[in-house]
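Spelled out from the first residue to the last, the chains are:
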Amino acid sequence: MNWIQVPEVSADAVGRKATISEAMRRRTPIVGRGFGDSLPAVHKWSDAFLRSQVGHREVELSPSFGASVRPRVATVADYLRLASTPQATDWYLTDWNFGSEAPSLLEDVADLSHELGDWLKALDSARQPDLLWMYIGHEGTKGPMHVDNLGTSAWLSVVRGTKLVRFCTPVGLSRRLRELDAFGPEAEGHESATGWSEVCLQAGDVLFIPSGVWHAACNRTLCVSVTGNYVAGHNIAAHRAHYLRGYRGFQMIEGKLIRVAELPDTERVASLDDLAEGVELLASALDDERAFLRQFSRRIEALRNGL
Ligand SMILES: O=C(O)CCC(=O)C(=O)O
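Calculation notes
- Residues numbered from 1 in each chain as written.
- Predicted model: local features only at pLDDT ≥ 70, side-chain atom pairs only at ≥ 80, totals over all residues.
- Helix = DSSP H or I, 4+ residues; strand = E, 2+ residues; numbered from the N terminus.
- Buried ≥ 20, exposed ≤ 12 C-beta atoms within 10 Å, placed from the backbone.
- Contact = placed C-beta atoms within 7 Å.
- Near = placed C-beta within 6 Å.
- Nonpolar A, V, L, I, M, F, W, Y, C, P; charged D, E, K, R; others polar.
- Pairing = 2+ DSSP bridges.
- Domains from an automatic or database assignment.
- Arc of directions from axis to C-beta.
- Core = buried A, V, L, I, M, F, W, Y, C linked by C-beta atoms within 7 Å.
- Expected span 1.5 Å × (residues − 1).
- Axes fitted to C-alpha atoms, helices over the stretch in contact; angles between N-to-C directions.

Broken down by element type, the protein chain carries ten helices and 13 strands. Counting the 307 residues in the protein chain, one finds 30% classified as buried. Nonlocal contacts in the protein chain, meaning residues at least 24 apart in sequence, comprise 77% of its contacts between residues at least 6 apart.

A separate point is the site of the ligand. Around the ligand lies a shell formed by Tyr-135, Gly-143, Asp-148, Ala-154, Leu-156, Lys-163, Ile-209, His-215, Ala-217, Ser-225 and Thr-227. Only strand E8 (153–160), strand E12 (214–219) and strand E13 (223–230) provide two or more residues apiece to the shell around the ligand. Residues belonging to the shell around the ligand are distributed by class as follows: five nonpolar, four polar and two charged.

This brings us to the sheet that holds E12. The four strands are arranged E1-E10-E9-E12 in an open sheet whose pairing can be described as mixed. Strands at the two margins of the open sheet, each flanked by one partner only, are strand E1 (4–5) and E12.

On domain assignment, one finds that the protein chain holds domain 1 (4–235) and domain 2 (248–305). With centres defined by C-alpha atoms, the gap from domain 1 to domain 2 works out at 39 Å.

Among the residues making up helix H1 (residues 16–25), those that are buried are Ile-20, Ala-23 and Met-24. One side of H1 carries all its buried residues, which in axial view fall inside an arc of 100°. Its buried side turned inward, H1 meets strand E2 (8–10), strand E3 (30–33), E8 and strand E11 (206–209). Phi for Arg-27, located one or two positions after H1, is positive at around 55°.

One finds Tyr-79, Leu-93, Trp-155, Val-159, Val-206, Leu-207 and Phe-208 to be the most contacted residues of the largest nonpolar core, which totals 57 residues. Examining the composition of this core, we find that five residues originate from one element, E8, more than from any other.

A word on the environment of Arg-176. By the secondary structure assignment, Arg-176 is in the loop between strand E9 (162–170) and strand E10 (193–202). Residue classification places Arg-176 among the partly exposed residues on the basis of 15 C-beta atoms within 10 Å. Once the C-alpha coordinates of Arg-176 and Ala-193 are considered, the two residues, 17 residues apart in sequence, prove to be 9.2 Å apart.

For helix H10 (residues 265–305), spanning 41 residues, the distance from its first C-alpha to its last is 59 Å, which sits close to the expected 60 Å at 1.5 Å a residue. Of all the 41 residues making up H10, zero are buried; the element is thus mostly uncovered.

What follows deals with unusual backbone geometry. Positioned with a positive phi, Arg-27 is a non-glycine residue whose angle comes to about 55°. Topologically, Arg-27 is positioned in the loop between H1 and E3. Assessed through the 16 C-beta atoms surrounding it within 10 Å, Arg-27 is described here as partly exposed. A positive phi angle, close to 60°, is found at Leu-150, a residue other than glycine. Tracing the chain through its elements places Leu-150 in the loop between strand E7 (132–137) and E8. Classification of Leu-150 as partly exposed rests on a count of 16 C-beta atoms within 10 Å.

Taken together, the four bridges between strand E4 (residues 58–63) and strand E5 (residues 72–75) define a ladder with antiparallel strand orientation. Counted as the bridge partner of Glu-58 is Thr-75 from E5. By the bridge criterion, three bridges tie E4 to strand E6 (residues 91–96) in an arrangement that is antiparallel. Following the sheet pairing, Pro-63 is matched in E6 by Trp-91.

It is worth spelling out the sheet that holds E13 at this point. Pairing within the open sheet is mixed, and its nine strands lie in the order E2-E3-E11-E8-E13-E7-E6-E4-E5. The outermost strands of the open sheet, each flanked by one partner alone, are E2 and E5. Taken over all neighbouring pairs, the strand axes of this sheet differ in orientation by 30° on average, direction set aside.

Following the sequence through the fold, Asp-118 ends up in the loop between helix H7 (112–115) and E7. A count of 22 C-beta atoms within 10 Å places Asp-118 in the buried class. A sequence separation of 50 residues divides Asp-118 from Cys-168, and the C-alpha atoms of the two residues are 25 Å apart. In contact with Asp-118, other than residues within four places in its own chain, are Ser-113, Tyr-230, Val-231 and Ala-232.

What follows covers the environment of Ser-46. With respect to the element layout, Ser-46 can be found in the loop between helix H2 (40–44) and helix H3 (47–54). A count of 11 C-beta atoms within 10 Å places Ser-46 in the exposed class. As a C-alpha pair, Ser-46 and Gly-36 span ten residues in sequence and 16 Å in three-dimensional space.

Here's what the structure looks like:
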């Protein structure tokens, strides 16, 4: 199959920031070729360097997609040592919040969330979630199809090696996509996915992944990358929706309604009154919320007019 290639923007393109924001708004992944070429990590993070800085750190290794092994804990040095063994393709060092354990490494990568105007950075630092992750994978390791957590968008900066990332749109229930190997022969034409595209990333490339877009990655060589997740105007509603999905209120109302129908008439009236009151209060809370948001709109307009 001729995979559709993810669009690109070059590091010296005029208005590159606006181009990326527009792509995120349209839910289109975009790759910044060479955006990270001058990052110290691209030039420094050899095996020897990683071993000297974080070799002793314990990390959780995940099973590479499809490998029949369990997650396990190992040191970074132990993981790097697997490179030349048959176990290299079984394990993948993913989602490592390395910043708190190895703050010196932070100086070697750019936190692009700042450049992208991350709204999370407007929270007090104690309330900011740690959404900066390192991935180290041996040749052939891969992850499952997923969308990024908390309704966030992401930048993914490859600092060593080559990584292939594939994107698709779910058909029907998206949870079935979690079982699909995006790099196996069954991906193409599979009934649960359509609109496939891909990009092959080299060291120095940065991929921007919009909120809610399904994707998976496969390491073509030993690959080291850093991902940062962020929230901005284009995905604040998705970020909120993420939390609302965990809210059980609507399920409770539906469950109560089903049960009310089975109650004797004498009890039914009181239960319906109770339900009606709760639903009205919820609806007016939503109205309050809308009014609250409108205040922000007015303040934004006032600031705009003051320019
Ligand atoms: O590199 C990987 O395996 C996964 C990266 C990814 O999907 C992400 O950062 O959201």
